[in-house]
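# Architecture at a glance
Residue strings, one per chain:
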Amino acid sequence: MAKSKSVYVCQNCGAESPKWIGHCPACGEWNSYREEIVSSTPPSGISRDITRRKPELLSGIEVNENDRITSGISETDRILGGGMVKGSLILMGGEPGIGKSTLALQIALATQGRTVLYVSGEESEGQVKLRAGRLEGRNERCFIFNETDLDSVLTQTEAIKPELLIIDSIQTLSSSLLESSAGSVTQVRECAARMLRYAKESGVPVILIGHITKDGTLAGPKVLEHIVDVVLQFEGDGNYVFRILRPVKNRFGSTAEIGIFEMGPKGLREVTDPSELFIRRDRDKASGVTIAATVDGVRPFLIETQSLVSSAVYGTPQRSSTGFDTRRLNMLLAVLEKRAGFRLGTRDVFLNIAGGLKVSDPAIDLAVVAAVLSSNLDIPVDHHIALAAEVSLSGEIRPVARLEQRITEAARMGFSEIVISGFHRDTREVPGLKISKVYKIEGLVRLLFS
Ligand code: TYD
Ligand code: MG
C-alpha cells in the first residue's frame, strides 16, 4: 500500500515545497502554491527507463526524413514542417471555444482508413458524433473514447493500435497512481510524461489539447511545454471567424510559418489567400481606411486598417484600438502631435484592424498613421496604395524586414503603389507597382494628402 503525503506545488512552474509559501522562489509567481496529495510510489515517468538505453555514435544514427505522417490538412502539415513526425508529442493550446476540438476532430477524420483514437474527456461519444456529422471528412477507422483515466487510455492504445492518438484535453486526464485532482500540476506533468513515453516507444504521434489560462499562457506547468516536441497556439477573436494556428515551439521545423483558418458551419476551412479576405475591394472612398502590407512569420498579407478621429465628447480624449497595441497607438499619436503639428489632444481616436486579427508587425505603423491622418483630415487615401514601414519616435519612417515579400504580395493583389521607407536600398522594381519612398511623417503627408 502506497503511503500518501502532501506537498505544495507551484501551479505555474511545478516547483515543490513541503509547506505553503506565498512567493515561488523558482519562477517568482505570487500565491501560486496549492496543496497536492502525492503517493510515495514514484510516478512512472520517462526518467526511469534508463537501463536499456545506450548512447549511439552520431554518424551511426539512421533517420528517415520522410518519417512523417500527414495530418490530412495542408495548413497544419505546413506549419508542422511537412506533417507530423512519428512518435512526436504535439501540444495544441488555445482559449475555450476557439476550435481546438474541432480541428483535432477534423484531423482525425481527414485521412480515410487511418486508425485514430480520439480520447475526449470533456464530451461524450454522442456529442463528438454530432460534431463529426457536421464536419467534412469521413474516417471509418476513427475510434472515440470518452475517458479520463490515463491507464485505461493506455490499455486501449494496446488494443486498438492507433496510428494517431488525440487527447482532448491533457487537463482532464489523470493517473490513479496520484491522488491529486485532474488538471493539477502533478497530474498534468505525469500524464504528459507517460504520453511522451508512449509516443516514443510506439512511434505514434500524439496530439495533446491544452487549456489556456486567463492570462493567455498554457494551463499547467511550464514543464509541459518543455516535455512536448511541438507547441501550437490557436489564436483568434471568438467574435470573428478567423483563426491562426501558430507554432510557438517546433523541434522539427520552423516556427515562422502560420496557418490561417476560417470557422464556418462545416468546421474549420483553410484560408489559402488571406489578403483576399482582409481587404475589401468594393468599399467606397471613405476616409480613415488604409491598407498595410504586413508579414506574420514568413507569410505576407495585406490588411485593412481603419481609424476614426472625432472631437472628444468628454474632457479626456479616448484612445482605443482593437488588434493593435494601444500603447503603440498612443506613441504614434504623440509622434504625430510633436513632429507633424497635428492637434490630436482634443480628439477621440479609435483604431481597428479588420477581421479581428492582432497584428504585432511593426510595419503596420505607417498604415496606422496614415489612417489616423486620413480620418482627421477627412481625406480618403487611394485604395490602390499599400503601406509598409515602421515609424520611429523622431517621426522617421524606418525600413522593415521582408520588404520584397510585401512588395510582391501588393503587386499580386493588384495594388498600384506601395509606400515604404526611403532608407531601403536597392528595392527591386515590380512591373505595374510604383514604389514611393518617404523619410519623414511630413513626407507622408505631402505624398498622400496634398
Ligand atoms: P471547439 O472546437 O469546441 O472549441 P475548443 O475545443 O477550443 O473549446 O469549438 C467550438 C466553437 O466552434 C463553437 O462556438 C461553435 C463553433 N463551431 C462552428 O462554428 N462550426 C462548426 O462546424 C463547429 C464544429 C464548431
Ligand atoms: Mg474542446
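Rules used throughout
- Residues numbered from 1 in each chain as written.
- Chains lettered and ligands numbered in written order.
- Predicted model: local features only at pLDDT ≥ 70, side-chain atom pairs only at ≥ 80, totals over all residues.
- Heavy atoms only, no water.
- Pairing = 2+ DSSP bridges.
- Helix = DSSP H or I, 4+ residues; strand = E, 2+ residues; numbered from the N terminus.
- Right-handed = clockwise from strand over helix to strand, strands pointing away.
- Polar contact = N/O pair within 3.5 Å; in protein donor to acceptor, adjacent residues only side chain to side chain.
- Contact = heavy atoms within 4.5 Å.
- Near = heavy atom within 4 Å.
- Areas by Shrake-Rupley, 256 points an atom, 1.4 Å probe, with all protein chains shown as cover.
- Nonpolar A, V, L, I, M, F, W, Y, C, P; charged D, E, K, R; others polar.
- Domains from an automatic or database assignment.
- Axes fitted to C-alpha atoms, helices over the stretch in contact; angles between N-to-C directions.
- Patch = residues over 30% accessible without salt bridge, like charges linked within 9 Å, V, L, I, M, F, W, Y side chains within 5 Å.
- Salt bridge = Lys/Arg side-chain N within 4 Å of Asp/Glu carboxyl O.
- Buried < 20%, exposed > 50% of the residue type's maximum accessible area, 1.4 Å probe, protein only.
- Phe/Tyr/Trp six-rings, centres within 6.5 Å; stacked < 30°, edge-to-face > 60°.
- Lys NZ or Arg CZ within 6 Å of the ring centre and 35° of its normal.
- Parallel < 35°, antiparallel > 145°, perpendicular 65-115°, else oblique.
- Left-handed = near helix turned anticlockwise from the far one by under 90°.

### A few points about the pairing of strand β17 (residues 319-322)
One ladder, built from four bridges, connects β17 with strand β18 (residues 347-353); its direction is parallel. Note that in β18 the partner of Thr 322 across the bridge is Asn 352. Traced from β17 through helix α8 (residues 326-340) to β18, the parallel crossover comes out left-handed.

### Structural notes on the side chain of Asp 229
By the secondary structure assignment, Asp 229 is in the loop between α6 (222-227) and β11 (230-235). In this structure the side chain of Asp 229 is engaged in a polar contact, spanning 2.9 Å, whose partner is the side chain of Lys 200. A polar contact is formed between the side chain of Asp 229 and the side chain of Arg 251, at a distance of 2.7 Å. For Asp 229, the residues in contact, after removing those within four places along its chain, are Gly 87, Ser 88, Leu 89, Lys 200, Lys 249, Asn 250, Arg 251 and Phe 252.

### Some details on unusual backbone geometry
Where the residue is not glycine, phi is negative for most of them; where a peptide bond is considered, it is trans in most cases. A cis amide bond links Asp 168 with the next residue in sequence, Ser 169, at an omega value of 0°. Note on placement: Ser 169 falls in the loop between β9 (164-168) and α5 (185-202). Residues other than glycine seldom take positive phi values, yet Asn 31 does so here, at roughly 50°. Mapping Asn 31 onto the fold places it in the loop between β2 (16-17) and β3 (33-39).

### With respect to the site of ligand 1
Near ligand 1 there are 15 residues, and of these Gly 97, Lys 100, Ser 101, Thr 102 and Gly 264 occur at the shortest range. In the environment of ligand 1, an oxygen atom lies 2.7 Å from a nitrogen or oxygen atom belonging to the backbone of Gly 97. In the environment of ligand 1, an oxygen atom lies 3.0 Å from a nitrogen or oxygen atom belonging to the backbone of Pro 265. Starting from 560 Å² of accessible surface for ligand 1 in isolation, the protein chains cover 72%. For the shell around ligand 1, the secondary-structure elements that each account for two or more residues are α2 (100-110), α3 (125-134) and β13 (259-264). Ranked by residue count, the leading element in the shell around ligand 1 is α2, at three residues. Here the residues of the shell around ligand 1 are counted per class, giving four nonpolar, six polar and five charged.

### A short note on the domain arrangement of the protein
What the domain assignment lists for the protein is domain 1 (4-39), domain 2 (68-272) and domain 3 (277-449). A straight line from the C-alpha centre of domain 1 to that of domain 2 covers 28 Å.

### Looking at the sheet that holds β18
Within the open sheet, the seven strands sit side by side as β17-β18-β16-β15-β19-β22-β23. Their pairing is mixed. Edge positions in the sheet fall to β17 and β23 (434-438), since each of these pairs with one other strand and no more. Here the strands of the sheet are splayed against their neighbours by 25° on average, with no regard to which way each runs. Note that strand β19 (residues 385-388) and strand β22 (residues 417-421) share four bridges and pair parallel.

### Remarks on a nonpolar patch on the surface
Where nonpolar side chains cluster on the molecular surface, the patch consists of Leu 58, Ile 61 and Val 63 and spans about 350 Å² of accessible area. Note that Ile 61 resides in the loop between β3 and β4 (68-69). With a relative accessible area of 40%, Ile 61 lands in the partly exposed category.

### Here we look at the pairing of β22
Of all five residues making up β22, five are buried, and the element is well covered by its neighbours. Bridge count between β22 and β23: five bridges; the pairing is parallel. Across the sheet, residue Ile 420 finds its bridge partner in β23, namely Lys 437.

### Some thoughts on α2
Along α2, 10 of the 11 residues are buried, which leaves the element largely enclosed by surrounding structure. Looking only at α2, the buried set comprises Lys 100, Ser 101, Thr 102, Leu 103, Ala 104, Leu 105, Gln 106, Ile 107, Ala 108 and Leu 109.

### What to know about the packing of aromatic side chains
Throughout the structure, instances matching the rule amount to two aromatic pairs. Each ring, one from Phe 234 and one from Phe 261, has its centre 6.2 Å from the other, and the planes form 85°; the classification is edge-to-face. Placement of the pair is Phe 234 in strand β11 and Phe 261 in strand β13, with a sequence separation of 27 residues. In this structure Phe 234 comes out as buried when scored by relative accessible area, which is 2%. Overall, Phe 261 belongs to the buried group, its relative accessible area being 1%. When the ring of Phe 423 is compared with that of Tyr 439, the centres are 5.2 Å apart and the planes differ by 85°; the resulting orientation is edge-to-face. With Phe 423 in the loop between β22 and β23 and Tyr 439 in the loop between β23 and α11 (441-449), this pair connects stretches of sequence that are 16 residues apart. Between the NZ or CZ atom of Arg 398 and the centre of the ring of Phe 423, over which it lies, the distance is 5.3 Å.

### Things to note about the packing of helix α9 (residues 365-377) against α11
The geometry of α9 relative to α11 is characterised by a closest axis approach of 11 Å and an angle of 55° between their N-to-C directions. Relative to α11, the element α9 lies oblique. Of the two possible hands of crossing, α9 and α11 adopt the one that is right-handed. Across the interface between the two elements, Leu 366, Val 369, Ala 370, Leu 373, Ser 374 and Leu 377 from α9 touch Ile 441, Leu 444, Val 445, Leu 448 and Phe 449 from α11. Of the residues that constitute the contact of α9 with α11, the class distribution is 10 nonpolar, one polar and no charged.

### Considering the pattern of salt bridges
Throughout the structure, instances matching the rule amount to 22 salt bridges. With its nearest N and O atoms 3.6 Å apart, the salt bridge here joins Arg 194 to Glu 190. Of the two residues, Arg 194 and Glu 190 both sit in helix α5, four residues apart, roughly one turn of that helix. Classification of Glu 190 as buried rests on a relative accessible area of 6%. The salt bridge partner of Arg 251 is Asp 229, with a shortest N-O separation of 2.7 Å. Within this pair, whereas Arg 251 is found in the loop between β12 (242-250) and β13, its partner Asp 229 is found in the loop between α6 and β11, the two being separated by 22 residues in sequence.

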